[in-house]
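Per-entry structural report
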Amino acid sequence: MSKQRQFSLLSLSLAFLFILGRYFDPYGSHLLILTSVFLLLAGSFLLFILRPGWQLGGIFEALFLPVSFLTAFQLFYSLLPTHWWSQLLLFFLVSLGVYFAIAAGNIFFVASRFRIVPLYRAALSLSFLFILGELYLLFDFLFSFRLTFWQNGFLAMLLSAPFFLYLFRAAAIEERTISWWQLAPFVLAASIITGELALALSFLPLTINFFTLYLLSFVYLLGGLLQAALQQRLSRFTLREYLAVGAGILMALIFLG
């Protein structure tokens, strides 16, 4: 069986288990247990199909994007009411999202271990979109608890760190000389700034969705600029481009809010 068919079969199976889990726990009273079991099954299936070896770096490159995608959807899904049409839509979204996440992770694993493949840049852009979407769902879930300002800042910092690490690691694959330890200052700077922004936004009278969107716009700026700096492509044009897009997003949010 080809890799594409294996990815398709696995994505459909995981989407079915994702929907089935709601029937075992319709009220979300055992959300953490159900999520842990589901992710354990998903990780086992992914390890069997992708076979990244036993190096921690290879496992992280291959598994992080699909596992984090499933985690974000699982937690956010617990906040939604159950309707048959919403479950049908979620089955389609989860199966499609898992397929592309697995494919992107496989591309990064092959590129880091062997050679840069033609789809590497497309997978890099797709992974950035996945990270923004997943962080939106996770931030929405986090801020729905209405925690204190320092808890919002601390948890947003911890939550964003692995996503920045994955984004910067994927961008650094092309630069073979950049090691994992050299990514640490970029990850720390981006995650700390994200936590500080979440702490500051906690004092504003914002709804959860706007809180998340404001924070996500800064994540886009931080991720894009630091990713370009890692690849040594941070020119004035790139800086103006990201700042213009970020300013446009912020103005739109201010106008809508």
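Below, the discussion takes up the environment of Trp180. For Trp180, the location among the structural elements is in helix α7 (residues 180-201). A residue is classified by how much of its surface remains accessible, and Trp180, at 32% relative accessible area, is partly exposed. For the pair Trp180 and Phe141, spaced 39 residues apart in sequence, the C-alpha separation works out to 30 Å.

Turning next to the nonpolar core. Core analysis: the largest hydrophobic core is formed by 78 residues, its most contacted members being Leu70, Phe108, Phe139, Phe143 and Phe168. It is helix α5 (residues 120-143) that provides the largest number of residues to this core, a total of 14 residues. Leave out the neighbours within four places in its chain, and Phe108 touches Glu61, Tyr120, Ala123, Leu124, Ser127, Tyr166, Ala170 and Ile173.

Let us now look at the side chain of Thr194. Within the element layout of this structure, Thr194 appears in helix α7. Residue classification places Thr194 among the buried positions, given a relative accessible area of 1%. Leaving out residues up to four positions away in the same chain, Thr194 has contacts with Phe139, Ala156, Ser160, Phe164, Leu215, Val219 and Leu222.

It is worth spelling out the packing of aromatic side chains at this point. By convention here, two paired aromatic rings are described through the distance between centres and the angle between planes. Under the defined criterion, the tally for this structure stands at 17 aromatic pairs. Here the aromatic rings of Phe7 and Tyr99 are separated by 6.5 Å at their centres, their planes lie at 70 degrees, and the arrangement is edge-to-face. Within this pair, whereas Phe7 is found in helix α1 (residues 3-24), its partner Tyr99 is found in helix α4 (residues 84-113), the two being separated by 92 residues in sequence. An angle of 70 degrees between the planes, with centres 5.9 Å apart, marks the rings of Phe108 and Tyr166 as edge-to-face. Note that Phe108 is positioned in helix α4 and Tyr166 in helix α6 (residues 149-172), a separation of 58 residues in sequence. Taking the relative accessible area as the measure of exposure, Phe108 reaches 1% and is therefore buried. On the basis of relative accessible area, Tyr166 is assigned to the buried category, the value being 2%. Aromatic ring contacts, followed pair by pair, group Phe60, Phe64, Phe108, Tyr120, Phe163 and Tyr166 into a single cluster.

This part covers the packing of α6 against α7. It is at 7 Å that the axes of α6 and α7 come closest, and there the two elements cross at 145 degrees. Crossing geometry of α6 relative to α7 is assigned as right-handed. In terms of residue class, the contact of α6 with α7 is made up of 17 nonpolar, 6 polar and 1 charged.

Calculation criteria
Residues numbered from 1 in each chain as written. Predicted model: local features only at pLDDT ≥ 70, side-chain atom pairs only at ≥ 80, totals over all residues. Heavy atoms only, no water. Helix = DSSP H or I, 4+ residues; strand = E, 2+ residues; numbered from the N terminus. Buried < 20%, exposed > 50% of the residue type's maximum accessible area, 1.4 Å probe, protein only. Core = buried A, V, L, I, M, F, W, Y, C linked by side-chain atoms within 4.5 Å. Contact = heavy atoms within 4.5 Å. Phe/Tyr/Trp six-rings, centres within 6.5 Å; stacked < 30°, edge-to-face > 60°. Axes fitted to C-alpha atoms, helices over the stretch in contact; angles between N-to-C directions. Left-handed = near helix turned anticlockwise from the far one by under 90°. Nonpolar A, V, L, I, M, F, W, Y, C, P; charged D, E, K, R; others polar.

Keep in mind these numbers describe shape, not what the thing actually does.
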